[in-house]
Every structure is written in structure tokens, then in C-alpha cells.
Amino acid sequence: MFYSHNEAELMAIGSRIGQSLQAQDVLILTGDLGAGKTTITKGIAKALGISQMIKSPTYTIIREYEGNLPLYHLDVYRIGDDPDSIDLDDFLFGDGVTVIEWGELLAENLPSDYLEVIIDKSSDGRQVAFKAKGKRSKELLESING
Ligand code: ADP
Ligand code: MG
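Computed from a prediction, not measured in an experiment: that's the story for all the values here. (Residues numbered from 1 in each chain as written. Chains lettered and ligands numbered in written order. Predicted model: local features only at pLDDT ≥ 70, side-chain atom pairs only at ≥ 80, totals over all residues. Heavy atoms only, no water.)

This brings us to the pattern of salt bridges. The tally for this structure, following the rule as stated, stands at 2 salt bridges. As a salt-bridge pair, Arg-136 and Asp-25 come within 2.7 Å of each other at their nearest N and O atoms. With Arg-136 in helix α4 (residues 135-145) and Asp-25 in the loop between α1 (7-19) and β2 (26-30), this pair connects stretches of sequence that are 111 residues apart. The exposure classification of Arg-136 matches that of Asp-25, with both residues buried. (Salt bridge = Lys/Arg side-chain N within 4 Å of Asp/Glu carboxyl O. Helix = DSSP H or I, 4+ residues; strand = E, 2+ residues; numbered from the N terminus. Buried < 20%, exposed > 50% of the residue type's maximum accessible area, 1.4 Å probe, protein only.)

A few words on the environment of Gly-146. Mapping Gly-146 onto the fold places it in the segment after α4. Judged by its relative accessible area of 91%, Gly-146 falls in the exposed class. Along the chain, Gly-146 and Ser-20 lie 126 residues apart, while their C-alpha atoms are 9.8 Å from each other.

Turning to the pairing of strand β7 (residues 125-133), a few remarks are in order. Across 3 bridges, strand β1 (residues 2-4) lies against β7 in antiparallel orientation. Looking at β7, one finds that Ser-4 is bridged to Arg-126. Note that strand β6 (residues 114-122) and β7 share 9 bridges and pair antiparallel. Within β7, the residue paired with Ile-118 across the bridge is Ala-129. (Pairing = 2+ DSSP bridges.)

Structure follows, in C-alpha cells:
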């Protein structure tokens, strides 16, 4: 469990996660609107060597960035009840890292191995907790916890 007092600290947690990521890793970001899912993704992107500005994919559903590893940044809030409208496999079996805001809405369409990152508001700060599903995600979580 990590705690951030502000946006910069939440990005730093994202960078810490980003440093441990490998191709085909999948992160599900869970948290209310404004919890900080996009903010933590900015930190992940920084650690992946991405210099482009990360914009919320709320309306585009998917944004792709080039870094040391490609980053596939998805926000599935708008398609949550119709997951067939995107082909997740294009990302999950690609060369990059997949980060899915509101990924829990995909339910049974999720891959068998993913790390869930749960962001909760606590007054001005944010708590960040993890749930690892599958072998690789457990390994990833150990690496994040150091
Ligand atoms: P989401 O993608 O989960 O909807 P965003 O990352 O887009 O959330 O937005 C988070 C919002 O919360 C930003 O406007 C940010 O300024 C604000 N905020 C306030 N306190 C914090 C904090 N401690 N950590 C991160 N963001 C914070
Ligand atoms: Mg967002």
C-alpha cells in the first residue's frame, strides 16, 4: 500500500510501477472519477521514457505512445457494457504495456494475468493498493514493493 499527498507524489508511484514493467504486462486501474487513474498513468509513461503528453483517453478509448516500451492507454468507461467493441487482444499480445482505466468493467473479458491498481481518495491524498492476478503480476508486485 502506498500513499500520495498530491499529484506529483501519485505520479512518482506511477513511475515506480513503470520501472518494473515488461512487454505484455496489463494494469487495471480502479478508482472513482477524479481518483487519479490518468495521473498515475503519466508517471508510468515517464518511467517508460515517453516524452509525449499523456491525455485522458476517455473519448478516444485508446491512445498509443512510443517509449522504451509502447504504452497502450485505454479508458473503457464508455464501452464497459459492450467490451466487444474493441479488440483487446491487439494490445494484450502486442509489444507493449497495457493500462486500462475502469478495466474492472471488462469483467470476464479481462486476461488471466493482470495487476489491479486500486486508487482511493482519502481527504486530499490518495491510497494506492494492489491486487495481483496470476503469476507474472505477483512477480511484478514483488518488484514494485521492492
Ligand atoms: P481519473 O483518471 O481517475 O478520473 P485524473 O488523474 O484525471 O483522475 O484526475 C485526478 C484529479 O485529482 C486531478 O484533477 C488532480 O489535480 C486531483 N488531485 C487532488 N489531490 C490529488 C492527489 N493527492 N493525487 C492525485 N491527484 C489529486
Ligand atoms: Mg482518467
